[in-house]
Amino acid sequence: MATALRETTLQTMGLGSVSDILQRGQLPVSQDDLVDRVFGNSGARGSLVISGANGIVGAGKTMQLGSRLQPFDVKVVALDFPGAPDGIGQQYPGLIQAFGREGADRIMRNIIRMNYDGKHLPAELKDLKPRFLLEAIPEILEVKKAHYKIFRDAFPKIEIRSVTSGFPSSELGVGIAHPAFPHQINKVWEVVEPEPSAITQLLWAMGLIPVPVSDHWSFILDVLFCGVTLAGARYHLNNNMPYWKIDKFTRKLLGPNPFRAHDAIGTKGATFLTWSCLHHLNQRYGELFRPTPDMEERKETGQAWYPPNHFRPLVDWSLDGDDYHEFRAWVLGPLFQMTSLMLHEKRGHLSHLNAIGELCAQFRRGIVAVIRDYGPETVVQTVEAYHRLFPAAAGGAWYPNAFDDMGKPEWQQLYVNAEHNGNIGVITISRESYSWEVDRELNRAIDWLKRERIDRVVVTGDFHLSTQMVGADTSEFFPTLKSFDEGYKITSGWSATGRRLHDEFDTSVAFVNGKRCLGGMLELLAHCHYLVSVDDAQLGWPEVTLPVVPGMEGCHWPLRKARPEDWPRLLHMLLTGRSVRAGDAVGWLVDYAGPLEQALRVAWKAANGADHGLPLRNVEADALRGVPTDVRDLPDPDGPGMEIARGAIMQCVQAAAASNLANALTVQAKLAAEFLASAACREGMVGAEHARTMAV
């Protein structure tokens, strides 16, 4: 049994730990076996029924699940009323884009559309042997219950899950599988069930992200999303600021645009769902959740929250000093209070609660991480300031003691966990983009393993919340656009963390298990002694397209591990931003690439010091001689920013390579930080995102 900093999120689904996966050399469950368990054996498969299949949720999940179940010949029955708009047909162009026309047609052939009147099921349904019903009909409790009765009367053994946004399982009498928006691409499902089921494990095995949560009203996502919407609506009610402008300040503060999201989803339906969640939360928990009169009205009228674009510049608004502090109290106060309720009720693993805000509600940082950053005293003061603005919220659902345990690993390791078996450590990163918080947690995980006297380590994703590693969180670059010192903190500090993986362990093995590993994440993992990957993962440094200069030693460290004849390939990657398949990069960037189970076994053998057969590509400590000053066959740059970035990257390559290893970190950190503060970076994608987010 492994010793861990905190419980792994895989354990909440009955799937053990990442350490278990590596030691066994295989995943804890297989997709083939789970399809058999849920739908029956090959040749006698039952079907998946999605009711309300032409709605936004139903159509999205028909595509998402249909595409994954098609190779197993599981029929998907799309059930809806005869006059329902053709939501499934609207998804077809997206299928073509993702799978090509031939693949899209294969998926659609496996989807069988049926109509019903809400009271009687089609007779033909019996022949398709329904095994699993995913219910996506309107949020009316008695209608849902009647719907389940129809199915249970006809198919007594059928498994049922509701996609409901708000009703708990105890009210519905069925399990919950609540998917996040956008439904055709977002992989997160909030799951409510007594014990981890084969259905939940099948979702995970198909590459989706089921997140077990407790059986409380509106779960986690909708408390956060409806909560931030309500906070903005209350601010409007008391200050008359236009909703579109409230969105801008909310985006600056936290990341989401709640009112724009309602309009994008469909104002009337989205507002009804938000109202419904808040209405029931209000009945259960009090005035903190009471919908505003404007919500009551718009759920009926469908009036958009945003006015036409040409009206917005006429009604601008700014907030300075005390006014902005008051805005923060109106928005953060209720969110902190709602989070105290969810913590008090133990609605989920803290990493889950945090990740749902980022992956689903569009928070730049999850609400738990935000609270951790503020600290318990400031959080309580913020809620108290909100209570002075809205005294009715002070009457209940406020648990300040929920913030007393911030020093515990569950709070401190939201994104990075560590385990060990007494000999080999495993560090898992559950965030797709690298940030200061990931950096600090990674350092704490390394410190813990060193205190535990672990000298061998595997560094990888968490096989759950992070299905890929996409590089640095570019919002961390916002302060660097005007400050060399802020940029240098990143380019030197994050690089120093990467070097710890090389310098402080006898053996370190990076394992890429997701579909891509890019930018700063690839720079981080390249510091390990060995880099092992599944063979079809895409690896690359897209920084030149942003443009930024790779700041975690990507401009020299990979060259120091490669043969001189391979330097042009690495430089081509750096100067084009194009990715390479891991299987095609063995020997010069990757040490082993293969199918998942083989790659797992090789990674574990390498960490264990067993006979793994991988040559160690040592890091050259002296200055590199003969690094090319130009690269042949480069495509034309996409624009002047990319052209400038190519020059800056090549300058960094030459300067860092000409230094010895001891000095190269400082050399590359300085040049990368200088570019972050340059006009070229401010005029690129990072600068544009900064202006869109922060220039309110």
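Since the model is a prediction, treat every value here as computed from it, not as a measurement.

*Asks:* What exactly am I supposed to notice about the pairing of strand β15 (residues 507-512) here?
*Replies:* Consecutive residues of a regular strand have side chains that alternate between opposite faces of the sheet. Burial analysis of β15 places six of its six residues in the buried class, the great majority of the element. In β15, alternate side chains face the same way, and those of Thr507, Val509 and Phe511 on one face and Ser508, Ala510 and Val512 on the other are all buried. With five bridges connecting them, strand β13 (residues 456-461) and β15 associate as parallel partners. When the bridges of β15 are listed, Val458 appears paired with Val509. The sheet contact formed by β15 and strand β17 (residues 530-534) spans four bridges and is parallel. Bridge assignment links Val512 to a residue of β17, and that residue is Ser533.

*Asks:* Please explain the domain arrangement of the chain as it appears in this structure.
*Replies:* What the domain assignment reports for the chain is domain 1 (40-212), domain 2 (220-409) and domain 3 (419-694). The interface is formed by six residues belonging to domain 1 together with five residues belonging to domain 3. Ranking the residues of domain 1 by area buried against domain 3 places Lys187, Trp204 and Ile209 at the top, with a combined share of 77%. At the surface where domain 1 touches domain 3, the tally comes to zero salt bridges. Across the contact surface, domain 1 and domain 3 share two residue pairs in polar contact (both at pLDDT 80 or more). Residue contributions to the side of domain 1 that touches domain 3 peak at three residues, all from strand β9 (residues 209-212). Here the side of domain 1 that touches domain 3 is composed, by residue class, of four nonpolar, one polar and one charged.

*Asks:* Honestly, the packing of helix α19 (residues 484-503) against helix α25 (residues 661-676) in this entry has me stumped. Any pointers?
*Replies:* Describing two packed helices takes the angle between their axes plus the distance from one axis to the other. Where α19 meets α25, the closest approach of the two axes is 8 Å, and the angle between their N-to-C directions is 145°. As for how α19 packs across α25, the hand of that crossing is right-handed. Contacts from Phe484, Gly487, Tyr488, Thr491, Ser492, Ser495, Ala496 and Arg499 of α19 reach α25 at Leu661, Ala664, Leu665, Thr666, Gln668, Ala669, Lys670, Ala672, Ala673, Glu674 and Leu676. Of the residues in the contact of α19 with α25, the class split is ten nonpolar, six polar and three charged.

*Asks:* When you look at the packing of aromatic side chains in this model, what are you seeing that I'm missing?
*Replies:* For any pair of aromatic rings, geometry is given as the distance between the ring centres together with the angle between the planes. One pass over the structure, following the stated rule, counts 19 aromatic pairs. Here Phe259 and Trp305 contribute two aromatic rings whose centre-to-centre distance is 5.0 Å and whose plane-to-plane angle is 40°, an arrangement assigned as tilted. Here Phe259 is found in helix α10 (residues 258-265), whereas its partner Trp305 is found in the loop between α12 (293-301) and α13 (322-344), with 46 residues between them in sequence. Residue class for Phe259 comes out buried when judged on its relative accessible area of 0%. With 5.8 Å between their ring centres and 25° between their planes, Phe484 and Tyr488 make a pair best called stacked. Of this pair, Phe484 and Tyr488 both sit in helix α19, four residues apart, which is roughly one turn of the helix. Classification of Tyr488 by relative accessible area gives partly exposed; the value is 27%. Clustering of aromatic rings is evident, with ring pairs tying together Tyr235, Phe249, Tyr324 and Phe327. In this structure, Lys299 is placed above the aromatic ring of Trp275, and the distance from its NZ or CZ to the ring centre is 4.3 Å. Over the ring of Phe505 we find Lys450; its NZ or CZ atom is 5.0 Å from the centre of that ring.

*Asks:* Hey, could you run me through the nonpolar core in this one?
*Replies:* Nonpolar side chains in soluble globular proteins tend to end up buried together. Core analysis: the largest hydrophobic core is formed by 171 residues, its most contacted members being Leu539 and Leu589. When residues in this core are grouped by element, the largest group, eleven residues, is from α13. When residues no more than four places from it in sequence are discounted, the contact partners of Leu589 are Leu531, Leu539, Trp541, Leu570, Met573, Val580 and Arg617. Membership of the second largest hydrophobic core comes to 59 residues, among which are Ala53, Met63, Val191 and Leu202.

*Asks:* How do you make sense of the sheet that holds strand β6 (residues 159-162) when you look at a structure like this?
*Replies:* Strand-to-strand pairing in sheets goes through backbone hydrogen bonds, with the strands running parallel or antiparallel. Judged by pairing direction, the sheet is mixed, and its eight strands sit side by side in the order β4-β3-β2-β5-β6-β7-β8-β9 without closing on themselves. Looking at strand neighbours, the two that pair on one side only are β4 (111-115) and β9, the edges of this open sheet. For this sheet, the mean inter-axis angle between neighbouring strands, taken without regard to orientation, is 25°. Here two bridges tie β6 to strand β7 (residues 175-179), and the two strands are oriented parallel to one another. From the neighbouring strand, Arg161 faces β7, where its bridge partner is Gly175. Packed on one face of the sheet, helix α5 (residues 141-154) meets β2 (47-51), β3 (76-80), β5 (130-135) and β6 and runs near 175° to β5.

*Asks:* How should the pattern of salt bridges be read in this particular structure?
*Replies:* Oppositely charged side chains may form a pair once their charged atoms are brought near each other. Here the structure, examined in full by the defined rule, presents 33 salt bridges. For Glu358, the salt bridge identified is with Arg431, shortest N-O distance 3.2 Å. Of this pair, Glu358 sits in helix α14 (residues 350-359) while Arg431 sits in the loop between β11 (424-429) and β12 (433-434), and the two are 73 residues apart along the sequence. Taken individually, Glu358 and Arg431 each receive the classification buried, so the pair is uniform in this respect.

What counts and how
Residues numbered from 1 in each chain as written. Predicted model: local features only at pLDDT ≥ 70, side-chain atom pairs only at ≥ 80, totals over all residues. Heavy atoms only, no water. Buried < 20%, exposed > 50% of the residue type's maximum accessible area, 1.4 Å probe, protein only. Helix = DSSP H or I, 4+ residues; strand = E, 2+ residues; numbered from the N terminus. Pairing = 2+ DSSP bridges. Domains from an automatic or database assignment. Contact = heavy atoms within 4.5 Å. Buried area = accessible area lost by both parts, 1.4 Å probe. Salt bridge = Lys/Arg side-chain N within 4 Å of Asp/Glu carboxyl O. Polar contact = N/O pair within 3.5 Å; in protein donor to acceptor, adjacent residues only side chain to side chain. Nonpolar A, V, L, I, M, F, W, Y, C, P; charged D, E, K, R; others polar. Axes fitted to C-alpha atoms, helices over the stretch in contact; angles between N-to-C directions. Left-handed = near helix turned anticlockwise from the far one by under 90°. Phe/Tyr/Trp six-rings, centres within 6.5 Å; stacked < 30°, edge-to-face > 60°. Lys NZ or Arg CZ within 6 Å of the ring centre and 35° of its normal. Core = buried A, V, L, I, M, F, W, Y, C linked by side-chain atoms within 4.5 Å.

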